Every structure is written in C-alpha cells, then in structure tokens.
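Spelled out, the chains give:
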Amino acid sequence: ALSVAGALATAGSTTAPADTGRSETVAMSVQATGKIVNIDSPSRLLTIEGEDGKQVEVHADDTVRNFDQVRVGDVVQIHYVNAVTIDIQPAGSAEPGAYIKENQDIAKTGEKPRYGKAEVVTVLAPIEAIDTVNNTITVKGPRGNVVTLDVKKPEHQARLKTLKVGDMLRIAFTEAAAVSINPRK
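Residues numbered from 1 in each chain as written. Predicted model: local features only at pLDDT ≥ 70, side-chain atom pairs only at ≥ 80, totals over all residues. Heavy atoms only, no water.

Enquirer: Which residues make up the packing of aromatic side chains, and what are the values?
Expert: Two aromatic rings are characterised by how far apart their centres lie and by the angle between their planes. By the definition in use, this model includes zero aromatic pairs. The positively charged end of Arg-44 is found above the aromatic ring belonging to Phe-67, 4.5 Å away from the centroid. (Phe/Tyr/Trp six-rings, centres within 6.5 Å; stacked < 30°, edge-to-face > 60°. Lys NZ or Arg CZ within 6 Å of the ring centre and 35° of its normal.)

What follows is the structure in structure tokens.
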C-alpha cells in the first residue's frame, strides 16, 4: 500500500494537516524473535533462526551501523506495523494533495546495532460527488484522477447524508519497522 501511496505523493509537501474529526484505523502488527545462526560479513547477510526452527536470510544494508558487533548467537527482535487511517475533513480545512512524513532511529557508533523507521503517507482528496442511493463517494486524487469508492459499512452509509461536496477524504498509510539485536543468552 505504501508504494502506491508513495507514488501518489511524489509531488506533495511533507506536512500533513492535523486530525480534526472521527477516524477509523485498521492495523496489522507482527513481532518476531530469532537467533543469529550464521553471518556472511562481506555480503552483510544474517541467517536468523526463529523460535519455530525455520531459518530466514536477512540483508543488513549500510544503514545498519555497527554491523561488526553482531555475533552468532545474538538475539534479533523485529517489530513491524502497517496501518491505514481514514476520516473526513471539512471543506477548506487543508490543501488537497499528498504528504510524506518519515522518522528514523539508527544506532550511534559504539551502540548495539538497531534500526527503526516509520513512514506516514497521507492523501487528501476532495469529494466531488456523493451518491446516497448507491452508497458511493467520488473523490479527486492528487494527480487529478477521479475515483468512485463504495461505502460498505452501514454506519458509514448513514454518515453519507452529512457529507458535502468539497469535504476531504483523508487516508493515512503508516508503515513502521524496528529491528534490535540483543546480547547472546
């Protein structure tokens, strides 16, 4: 989802407007712990064995500082979150478009290797049409593309009558990942 939103956002600014109303969020969170069983230092490849005995090979790119401190037997913890938040903003409350916000946490020299990154891509699309009979709204995307969306949930269908052409559909895509390496046990 982020790659699509990111493509939409390439011409946008980096400051998304503040939340001014009710929103709904759907999120998926995954946590995993494993032990490093092999290190290919020249290729910066780690083989990690999960608690279930399955192994996976992970590439540690150049943003992973202090790679030389990693040892076989170190425990790796990974936390990954994907979320989508949707709400309606009043007409004129913000400029239509796409906005990107990024945060990073990288280990300092001498610290145990860790890496964390979060990216939020927010798309604000003005409502062009509201169809309460067919339960749809039509919005205009940041590139001028017009899309008609089905409104499936009964509680959202009931809110269609309160919307006005010009109100903004705001969709925020959040992706965050954190990796830390703990000493051998």
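Enquirer: Tell me about the environment of Ala-178, and please be specific about residues and values.
Expert: With respect to the element layout, Ala-178 can be found in strand β9 (residues 168-182). With a relative accessible area of 35%, Ala-178 lands in the partly exposed category. Along the chain, Ala-178 and Asp-105 lie 73 residues apart, while their C-alpha atoms are 8.5 Å from each other. (Helix = DSSP H or I, 4+ residues; strand = E, 2+ residues; numbered from the N terminus. Buried < 20%, exposed > 50% of the residue type's maximum accessible area, 1.4 Å probe, protein only.)

Enquirer: Can you tell me about the pairing of strand β3 (residues 55-59), naming the residues and giving the values?
Expert: Little of β3 sits out of view: just zero of its five residues are buried. As judged from the five bridges shared by strand β2 (residues 45-50) and β3, these two strands associate in the antiparallel manner. The residue of β3 that forms the bridge with Thr-47 is Glu-57. Once β2 ends, the chain turns through four residues before running back antiparallel as β3, passing Gly-53 with a positive phi of about 90 degrees. (Pairing = 2+ DSSP bridges.)

Enquirer: Go over the environment of Ile-100, please, and point to the residues and values.
Expert: With respect to the helices, strands and loops of the structure, Ile-100 is situated in strand β5 (residues 97-106). Expressed as a C-alpha distance, the spacing of Ile-100 and Val-121, which sit 21 residues apart in the sequence, is 4.6 Å.

Enquirer: Give a detailed account of the pattern of salt bridges, specifying residues and quantitative values.
Expert: Per the counting criterion, the structure on display carries three salt bridges. Between Lys-153 and Glu-24 there is a salt bridge; the shortest N-O distance is 2.5 Å. Of the two residues, Lys-153 sits in the loop between β8 (146-150) and α2 (154-159) while Glu-24 sits in strand β1 (residues 23-40), which places them 129 residues apart along the sequence. Taking relative accessible area as the criterion, Glu-24 reaches 27% and is therefore assigned partly exposed. For the salt bridge of Asp-87 with Arg-170, the shortest nitrogen-to-oxygen distance reads 2.8 Å. Note that Asp-87 is positioned in strand β4 (residues 75-89) and Arg-170 in strand β9, a separation of 83 residues in sequence. The exposure classification of Asp-87 matches that of Arg-170, with both residues buried. (Salt bridge = Lys/Arg side-chain N within 4 Å of Asp/Glu carboxyl O.)

Enquirer: Quick one: what's the story with the side chain of Gln-89, residue by residue and with numbers?
Expert: Examined against the element boundaries, Gln-89 turns out to sit in strand β4. Classification of Gln-89 by relative accessible area gives buried; the value is 2%. Polar side-chain contacts of Gln-89 include one of 2.9 Å to the side chain of Asp-87. (Polar contact = N/O pair within 3.5 Å; in protein donor to acceptor, adjacent residues only side chain to side chain.)

Enquirer: Provide a residue-level description of the confidence of the model for the protein chain, including the pertinent values.
Expert: When the pLDDT values of the protein chain are averaged, the result is 81; 85% of them are 70 or greater. Mean pLDDT in the protein chain bottoms out at helix α1 (residues 2-8), which sits at 31, and peaks at strand β7 (residues 136-140), which reaches 96. Of the regions scoring below 50 in pLDDT, residues 1-16 engages in 27 contacts with residues more than four places distant in sequence or in other chains. (pLDDT = per-residue confidence, 0-100. Contact = heavy atoms within 4.5 Å.)

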